[in-house]
Amino acid sequence: MALESVITVGSTSIKYGFGSTREVGFDMKELGATRVMVVTDRNLAETAPVKLTLQALKDAGIEAVLYRDARVEPTDASMKDAIDFALRGSFNGFVGVGGGSSMDTAKVANLYSTYPADFLSYVNAPIGNGTPVPGPLKPLIGIPTTAGTGSETTGVAIFDLVRMHVKTGISHRHLRPAMGIVDPDNTRTLPGMVAACTGFDILVHALESFTALP
């Protein structure tokens, strides 16, 4: 059998720099959004990165609505709650602020509010149906407040399916954020041990690329 010799390489646009969170309003306006769901968790809802995001969107003339119930380790129930919020809100843009869980929750809310379906439709087989995402989603910007997950650049959203006691997810290139804003200011309050653990997380993900080979 001939080996595959054609590959496609694509990546999320990344904006990096101290204070770059202040540009999220400009960037989201450039992407055409006028009403945005900002997704975070209760631990971060009152912190500077979230407040700065909301203010930057407001300053750009964008209506921003905060959803603060992303779960630190998302479950199918927490994802469904975010989906319901997105469906009621009629948003045309999304911003995830926090760790991978907040950004993954924003991805799923974006997907199911754009292409409503039974929850297991897009979930990876054999747990779900593995139905491909029908088309492009609404613009989403990921703003990480930690390192390690890389969720601001990936087309993957991970969660626990509680009744089956499994960790699964949804994977498709259309889930990938339109932009990731990597602002070192957002990691200033990370405790030293947490910062070290996120660095270890990056190392483990890199090693996984080799150790997971058949």
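Because the structure is predicted, anything quoted here is derived from the model rather than measured. (Residues numbered from 1 in each chain as written. Predicted model: local features only at pLDDT ≥ 70, side-chain atom pairs only at ≥ 80, totals over all residues. Heavy atoms only, no water.)

(A) Looking closely at the overall build of the protein. A count of helical and extended segments in the protein gives five helices and eight strands. When the elements of the protein are put in sequence order from the N terminus, they spell out β-α-β-α-β-α-β-α-β-β-β-β-α. For 214 residues, the compact-globule estimate of 2.2 N^0.38 gives 17 Å, and the C-alpha radius of gyration of the protein, at 17 Å, lies within 12% of that figure. In terms of overall dimensions, the protein has C-alpha extents of about 55 × 40 × 40 Å along its principal axes. The burial tally for the protein puts 44% of its 214 residues in the buried class. The contacts in the protein between residues at least 6 apart in sequence include a share of 75% that link residues at least 24 apart. (Helix = DSSP H or I, 4+ residues; strand = E, 2+ residues; numbered from the N terminus. Rg over C-alpha atoms; globule rule 2.2 N^0.38 Å. Buried < 20%, exposed > 50% of the residue type's maximum accessible area, 1.4 Å probe, protein only. Contact = heavy atoms within 4.5 Å.)

(B) Representation of the pattern of salt bridges within the structure. For the structure shown, the criterion picks out nine salt bridges. Linking Glu 46 and Arg 68 is a salt bridge whose minimum nitrogen-to-oxygen distance equals 3.2 Å. Taken together, the residues span a long stretch of sequence, with Glu 46 in the loop between β2 (35–39) and α2 (48–59) and Arg 68 in the loop between β3 (63–67) and α3 (76–89) at a distance of 22 residues. Two residues, Asp 160 and Lys 167, come together in a salt bridge whose shortest N-O distance is 3.2 Å. Salt bridges sharing common partners tie together Lys 15, Glu 23 and Asp 27. (Salt bridge = Lys/Arg side-chain N within 4 Å of Asp/Glu carboxyl O.)

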